[in-house]
Amino acid sequence: MTLTAGDCSVPMAEPQESTGFMPGFGNDFETEAITGALPQGQNSPQHCAYGLYAEQLSGTPFTAPRGQNERTWCYRIRPSVRHTGRFCRIELPYWQTAPHIVPDLVSLGQYRWDPLPVPPDPMTFLQGVRTMTTAGDVNTQTGMAAHIYTVTASMVDEYFYSADSELLVVPQEGRLRFRTELGIIDIEPQEIAIIPRGILFTVALLDGPARGFICENYGAKFTLPDRGPIGANCLANPRDFKTPVAAFADHEVPSRVVVKWCGGFHVTEIDHAPLDVVAWHGNYAPCKYDLRTFSPVGAVLFDHPDPSIYTVLTAPSGFAGTANVDFILFRERWSVAEHTFRPPWYHKNIMSELMGNIHGIYDAKPEGFLPGGLSLHNMMLPHGPDRSAFDAANSGTLAPERMPDAMSFMFETRFPQHLTEFAAREAPLQDDYVSCWTGLEKMFREPSRD
């Protein structure tokens, strides 16, 4: 089977990407796999070229303000409404959706997990998702869920889309290929992929088992944060986000389409491969981003800035400056602040913080926070550096220092994150995590009264 991209046929294994495009900013992108497949000047002509069907995918209400309106026109071989039967409910018991509150679980606490072992048995992307926390309410399109995935087998003649959420995929080990309706995206550790709600895709392994993290965003779509006084450059730049070019499969084979809707999973049968969009244009599309292109900013004299300066993407809420979800990145960088406690300070936060380690050693937790691991510090729960990090920062010489080659991230939300049964009872929870702060003994000395 081949996919066609541009003017030439290429194997399905060869993705092609456009550059310099960030969906959701009102700028349209266009691509066609066959010359002349994309109409010019009219979105839905009476007769589309090559007998294609015109179909619009809307990511916002029709009347959203022009700068926020998101939609893509697809010109496809068959309309996506065509399937052979009604939807039937299926179970993916490890994938949970908010609201999901287990009464006898205590989510208030400092929690940390070791990496989830990769299973020896065949497990596809859908089968391999394990929900760790949920927040908010999918029915009101607020909040998020945090998952770990482990994949040991490619999806075959099976396709999926989420009507509930946008998926932010963060690989930690192994490469994945996302074949989407709008083209192919390959991602590897230190890259991310963003799959908008409603976009159909299938997932294949490229070189052995894979493990990583997913932020399932129920709310407003991820976008770039405002830079404010930072100005026009640094942090994540739109030019580094890449979308796929049009690619299609015209292949008649019995297939399954799985849909996630209001927390439930449903399947229907179709008689063809549904990735048959020959051309498309719009601003609602999957994309990938290389985290190594993120340009951090920081203090160049004294004091420790808030971690919000490391925000890669934000999903806004109805409150200005308060995110439904933020995706924050801690990568290698220079630390130069003088007369300053350089690691994150001890604090309580209105936001709930779930952190994951992609690789290396996180400076505030030099012991125990392993690549592939997670930690959770829920809203208004105190947390901060462990004893060894405190001692090193308190006694070290404050010369310019390059932070080690490491990369961690945070899914931060304004909602409390509730543990799932899997997170509390099956995942490799570190029962002794809270002991990392027990060595922070009293050092206070009252001044002499003499």
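For the structure, check the block above.
These numbers come from a predicted model, not from an experiment.

What counts, and at which threshold
- Residues numbered from 1 in each chain as written.
- Predicted model: local features only at pLDDT ≥ 70, side-chain atom pairs only at ≥ 80, totals over all residues.
- Heavy atoms only, no water.
- Helix = DSSP H or I, 4+ residues; strand = E, 2+ residues; numbered from the N terminus.
- Contact = heavy atoms within 4.5 Å.
- Core = buried A, V, L, I, M, F, W, Y, C linked by side-chain atoms within 4.5 Å.
- Buried < 20%, exposed > 50% of the residue type's maximum accessible area, 1.4 Å probe, protein only.
- Disulfide = S-S within 2.5 Å.
- Pairing = 2+ DSSP bridges.
- Phe/Tyr/Trp six-rings, centres within 6.5 Å; stacked < 30°, edge-to-face > 60°.
- Salt bridge = Lys/Arg side-chain N within 4 Å of Asp/Glu carboxyl O.
- Axes fitted to C-alpha atoms, helices over the stretch in contact; angles between N-to-C directions.
- Polar contact = N/O pair within 3.5 Å; in protein donor to acceptor, adjacent residues only side chain to side chain.
- Arc of directions from axis to C-beta.

**Q** With reference to specific residues and values, describe the environment of E338.
**A** Mapping E338 onto the fold places it in the loop between β24 (334-335) and β25 (352-359). Those residues in contact with E338 that lie beyond four places of it in its chain are L301, F302 and L398.

**Q** Can you explain the nonpolar core? Please cite residues and give values.
**A** With 45 residues, the main nonpolar core has F125, L126, Y149, F160, L176, F178 and F201 as its most contacted residues. Excluding residues that lie within four positions of it along the chain, L126 makes contacts with L92, W95, M155, E158, F160 and V258. Of all hydrophobic cores here, the second largest spans 43 residues; its members include L168, I192, F294 and A315.

**Q** An account of the state of the cysteines is requested, with residue identities and associated values reported.
**A** Within this structure, the stated rule accounts for zero disulfides. The thiol sulfur of C88 is not disulfide-bonded, and the nearest other cysteine sulfur, from C262, lies at 18 Å. Note on C88: relative accessible area 47%, which makes it partly exposed.

**Q** Let's hear about the environment of F178: which residues, and what values?
**A** By secondary structure assignment, the location of F178 is in strand β12 (residues 176-180). By relative accessible area, which is 0% here, F178 ends up buried. For F178 and M355, which are 177 residues apart along the polypeptide, the C-alpha to C-alpha distance reads 24 Å.

**Q** How would you summarise the pairing of strand β21 (residues 287-290) if you had to cite specific residues and measurements?
**A** Of the pairings in the sheet, the one linking strand β14 (residues 191-195) to β21 comprises four bridges and is antiparallel in character. The residue bridging I192 from the neighbouring strand is Y289, located in β21.

**Q** Mind laying out the packing of aromatic side chains, listing which residues take part and the relevant values?
**A** The relation between two aromatic rings is expressed through the spacing of the ring centres and the mutual angle of the planes. Summed over the entire model, instances satisfying the criterion amount to 21 aromatic pairs. An angle of 45° between the planes, with centres 5.6 Å apart, marks the rings of W95 and F160 as tilted. Highlighted residues: W95 in the loop between β6 (88-90) and β7 (110-113) and F160 in strand β10 (residues 158-162), separated in sequence by 65 residues. Accessibility classification places W95 together with F160 in one group, the buried group. Pairing Y111 with W113 gives two aromatic rings, centres 6.1 Å apart and planes at 25°, and the pair type is stacked. Residue class for Y111 comes out buried when judged on its relative accessible area of 16%.

**Q** Residue-level account of the pattern of salt bridges, with values.
**A** In this structure the tally under the stated criterion is 25 salt bridges. We note a salt bridge from R76 to E181, for which the minimum N-O separation is 2.8 Å. Of this pair, R76 sits in strand β5 (residues 71-76) while E181 sits in the loop between β12 and β13 (183-187), placing them 105 residues apart in sequence. Across the pair, exposure class does not vary: R76 and E181 are buried alike. Ionic pairing is found between R387 and E441, a salt bridge with its closest N-O pair at 2.4 Å. Placement of the pair is R387 in helix α1 (residues 387-395) and E441 in the segment after α2 (421-426), with a sequence separation of 54 residues. For R387, a relative accessible area of 23% gives the class partly exposed. Each of E55, R76, R78, E181, D250, E252 and D276 takes part in a single network of salt bridges with overlapping partners.

**Q** So what about the sheet that holds strand β4 (residues 53-58)? Which residues, and what values?
**A** Spatially, four strands are ordered β3-β20-β5-β4 in an open sheet, and the strand pairing comes out antiparallel. With one partner strand each, in any of the chains shown, β3 (29-32) and β4 form the two edges of the open sheet. Neighbour to neighbour, the strand axes of the sheet diverge by 20° on average, direction disregarded. Direction of pairing for β5 relative to strand β20 (residues 277-282): antiparallel, over a ladder of five bridges. Directly across from Y75, in β20, lies its bridge partner A279.

**Q** Can you break down unusual backbone geometry residue by residue, with the values?
**A** Excluding glycine, residues mostly have negative phi values, and the peptide bonds linking residues are mostly trans. Look at the link from A98 to P99: it is a cis peptide, with omega at 0°. Phi is positive for C262, which is not a glycine, with a value near 55°. Examined against the element boundaries, C262 turns out to sit in the loop between β18 (255-261) and β19 (264-270). In this structure, H339 takes a positive phi of about 50° despite not being glycine. Note on H339: relative accessible area 79%, which makes it exposed.

**Q** Could you give an account of the side chain of S408, with specific residues and numbers?
**A** Checked against the element boundaries, S408 lands in strand β28 (residues 407-413). Given a relative accessible area of 2%, S408 falls into the buried group. Not counting chain neighbours up to four residues away, the residues in contact with S408 comprise I328, L329, F330, M355, G356, N357, I358, Y362 and F369.

**Q** I'd like to hear about the side chain of R177, residue by residue, with values.
**A** Residue position: R177 is located in strand β12. A polar contact of 2.6 Å, which involves the side chain of R177, links it to the side chain of D186.

**Q** An account of α1 is needed here, citing residue identities and associated values.
**A** Listed in full, the buried residues belonging to α1 are A389, F390 and A393. Viewed end-on, α1 has its buried residues packed into an arc of 100°, placing them on one side of the element. Those residues of α1 that are exposed and angled more than 90 degrees off the buried face are A392 and S395.

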